[in-house]
Amino acid sequence: MDMFNKVTAFLQQALETREPSINLLDSFVDHWKAITNYYIETSDESCPVKHTDIPWRLRQMLDILVYEEKQQGEETGPCMEYLLQHKILETLCTLGKAQYPPGMSQQVMLFFSKVLSQIQKPVLHLINVYRPVQKLIHLCGLPDSQTEKEESQFLFAVCTRVKKDPYVLNYILEITKDSQKRSSSTSDEAVEKGCSEASRPERAPSPSSPSTSSAASSSPQEATGIIPVLIHLGKSEKSHVVLRSMESLLLLVSLPQEDTGHLLAERTPLCHLLAQRLTELYCLIPSSLDPADIHSYSSVQWRTPFTQDSTVESQSFPGSENVHRFFYFLDYCNELIKEAPRVLGVEMARAIHLQWLKGVIQPHLLQMSEVGILVHTALLSCSVRHIRSPVLLEELVQFLLGNDTHCEQRQDTHTHILRYRLIEHCNHISDEISITTLHLFEELLQKPSRSILTNLVLRNLEKRSYRLSGSGAADERHAVESDLLEESEELEEDPFFTDMYEDSGFSGQEPLLSLPSGRERPNPSAHTQVADIVNSFLCLVPQEAKTSHLVQGAGYDTYVHDAHKQLKECTALSRDWNWSDSAKTTENNPATEFYEGHFLQILFDRIARILEQPYELNLQVTSVLSRLAVFPHPHLHEYLLDPYISLSPGARSLFSTLVRVIGELMQRIQHIHNVTDRLMMIRRQLMGLEEETMVDHMTLLRGVIVLEEFCKELAAIAFVKLPIEEQ
């Protein structure tokens, strides 16, 4: 820094010595005349500009302008007045366009960039500045340009100036008052038209083109210039050019004024070109991707490729380069939408919805090819994880689930076709598609959107019609105990059932849970209910089918820590959703038939088949259900975690579904010799303690282990939630 200051002082002193303030104008004029004389006296058109004194003289002119401004203060100095009156910038722009001598355009762009960045007074509103700037913008983004670096620097200087003086945006966009009278319907047509052109390549317009681009030619008065050029430069192979262009666009978009947001949304092709570029990048992703690579793809930030982050190198797989580019740009869109004024952010998100989601993603998800469904569902799931903008998330939820809030009916299969098909894909004949789609819903349940929970689950639990009408808590407990007694009487004649529980030493009276002494205890009745509910889940799996107690560190308490963490996360997520702390009073309406909704129906159907499904599929189903159970909504908690609710006719709950699975389990394991030893071997294999070998009834035994772990997880969730709610 000291050396820099010394050099600066030396140069300033030299300038003052060589060019006294009284002679600054003469010196400035001399330099300019020397440049113009070059064109009069020189006949060699092939001599590059760097072999002439033009670059040096331009630097001298810039130094004089900067020094003069410091000396003059608020007043405009004579050198600046000379530059404006003699239209020097206009002349330079013409020389740059002619590329004479060769390389002149680079020198002109550098001079413009430095004038805009180093002169502190506002100048872009002056006609002899903004008109040549407009002309120079039209020289940027041309095919096969050799000046991308200088173009990106020049445009960044322009956008930085606009960020500092937002009122000059109209001059840069070349928008007149007359051109702002266009109706919003024209903008809608341009965006929707883009859906059919999503995969067509976009190029920056040439200066002679009457339209801004192939995508935004709906009006002859539409804005031209800087935005299409910035999008075009964002496709450059040079990373520093891409970074500068993206930063420049972010500067424009982040102007906070609402009228600026309206201007950019309605009078420029910004929204369409942004969505079009995102769609282009998505369409470049090969359909031969391995879904496993997509699932393991970690979140990225749009600046990552410019910082040479090592995490990018570690995420290398066939087709990864195109995947990287798409998700970088998706994150960039997130940033733009978050930083933009609300009106502009909504329009950008809406364009992305129409062109990318509806125009490209939806046809792929509704196709018949299983390979196509699998890859695009995995990409969509990864996209959900990357979307951070609330406005873009809102459009995504609207696209995937719709906006219905009334209770579902069993015959409602086509109210929102994509939602219906996605939920059906959770029960697809292809296990891979089922797992991938369940993973998509699990990602959705991680997002801060109340609409997701309401649409998938809560709207169907709103009236609590899953409960037997007119029953109180005591009646429900008695009814459930009576049902369990009836079931036990039915199984009394089964010698396996009787012997199994006698051998285990469990009489049904011993409490399996007591609250830790260090934890604040609720009132005795609440404690009893907590213990009963937790024990209800812990006791579901018969003792002979349990193996976790035989392995160190595999007890129920291992889930308590994770349940606490998840509860804290879901509570923070739903803090602003205005959920009631207590359940609604049920209406006495016996005519209401309960339907859990399509989503829970499929999940319960999957849980009911847990003993015959692949291990990986069972893990994904239980993961989604446990995520739902953690949310602190009273109806969701009651329906998923309370074993004592008395269900209305035809209704089922998670607990009742698990009870039926246990009944099937007890019948099936009678036919397996040494079932506990076999289960223990399978558990050790799953834990990586033994090599995996083929065993009879492998699917069933793995299903039993997942079932035991799921019951422990539900017990842990009930444990961490109920004491807080019952105190």
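Residues numbered from 1 in each chain as written. Predicted model: local features only at pLDDT ≥ 70, side-chain atom pairs only at ≥ 80, totals over all residues. Heavy atoms only, no water.

UniProt, in its Sequence similarities (unreviewed entry) section for the protein, records the words "Belongs to the FHIP family." (UniProt positions renumbered as here; feature names shortened; annotations may be inferred.)

Q: Tell me about the overall build of the protein, and please be specific about residues and values.
A: A count of helical and extended segments in the protein gives 34 helices and zero strands. As displayed, the protein offers around 33500 Å² of accessible surface, 50% of which is attributable to carbon and sulfur atoms. (Helix = DSSP H or I, 4+ residues; strand = E, 2+ residues; numbered from the N terminus. Areas by Shrake-Rupley, 256 points an atom, 1.4 Å probe, with all protein chains shown as cover.)

Q: Got a sec to walk through the environment of Val 457? Specific residues and values, please.
A: With respect to the helices, strands and loops of the structure, Val 457 is situated in helix α24 (residues 450–461). Sequence spacing of Val 457 and His 635 is 178 residues, and the spatial spacing of their C-alpha atoms is 9.9 Å. Dropping the residues within four chain positions of it, Val 457 is found in contact with Phe 599, Leu 600, Leu 628 and Leu 636. (Contact = heavy atoms within 4.5 Å.)

Q: Residues and numbers for the packing of helix α18 (residues 320–339) against helix α20 (residues 370–386), please.
A: Taken N-terminus to C-terminus, the directions of α18 and α20 make an angle of 35 degrees; their axes are 10 Å apart at the nearest point. Note on packing geometry: the crossing formed by α18 with α20 is right-handed. On α20, the residues that touch Phe 326, Phe 327, Leu 330 and Asn 334 of α18 are Leu 379, Cys 382, Ser 383 and His 386. Considering only residue class, the contact of α18 with α20 consists of five nonpolar, three polar and no charged. (Axes fitted to C-alpha atoms, helices over the stretch in contact; angles between N-to-C directions. Left-handed = near helix turned anticlockwise from the far one by under 90°. Nonpolar A, V, L, I, M, F, W, Y, C, P; charged D, E, K, R; others polar.)

Q: Tell me about the environment of Asn 403, and name the residues and values.
A: Summarising the element assignment, Asn 403 is placed in the loop between α21 (390–401) and α22 (417–425). The exposure class of Asn 403 is exposed, given its relative accessible area of 55%. Separated by 51 residues in sequence, Asn 403 and Thr 454 have C-alpha atoms that sit 9.5 Å apart. (Buried < 20%, exposed > 50% of the residue type's maximum accessible area, 1.4 Å probe, protein only.)

Q: If you had to explain the pattern of salt bridges to someone new, which residues and values would you point to?
A: Pairing between side chains of opposite charge can happen when their charged atoms approach one another. The tally for this structure, following the rule as stated, stands at 28 salt bridges. What you see here is one network of salt bridges that share partners, running through Arg 683, Glu 708, Glu 709 and Lys 712. (Salt bridge = Lys/Arg side-chain N within 4 Å of Asp/Glu carboxyl O.)

Q: Before we move on, could you go through the nonpolar core and cite the residues and values that matter?
A: Ranked by size, the top nonpolar core spans 212 residues in total, and within it Leu 92, Phe 111, Phe 154, Ile 226 and Met 348 carry the most contacts. Residue contributions to this core peak at 17 residues, all from helix α34 (residues 698–726). Not counting the four nearest positions on each side in its chain, Met 348 is found in contact with Val 253, Leu 270, Cys 271, Leu 274, Leu 336, Ile 337 and Ala 340. (Core = buried A, V, L, I, M, F, W, Y, C linked by side-chain atoms within 4.5 Å.)

Q: Give a description of helix α6 (residues 104–118) that names residues and reports values.
A: The end-to-end C-alpha distance of α6, which contains 15 residues, comes to 21 Å, matching closely the 21 Å that a straight helix rising 1.5 Å per residue would cover. Among the 15 residues of α6, eleven are classified as buried, and the element is accordingly described as predominantly covered. Buried residues along α6 sit against α2 (24–41), α3 (54–72), α4 (78–85), α5 (88–98), α7 (127–138) and α8 (148–164). (Expected span 1.5 Å × (residues − 1).)

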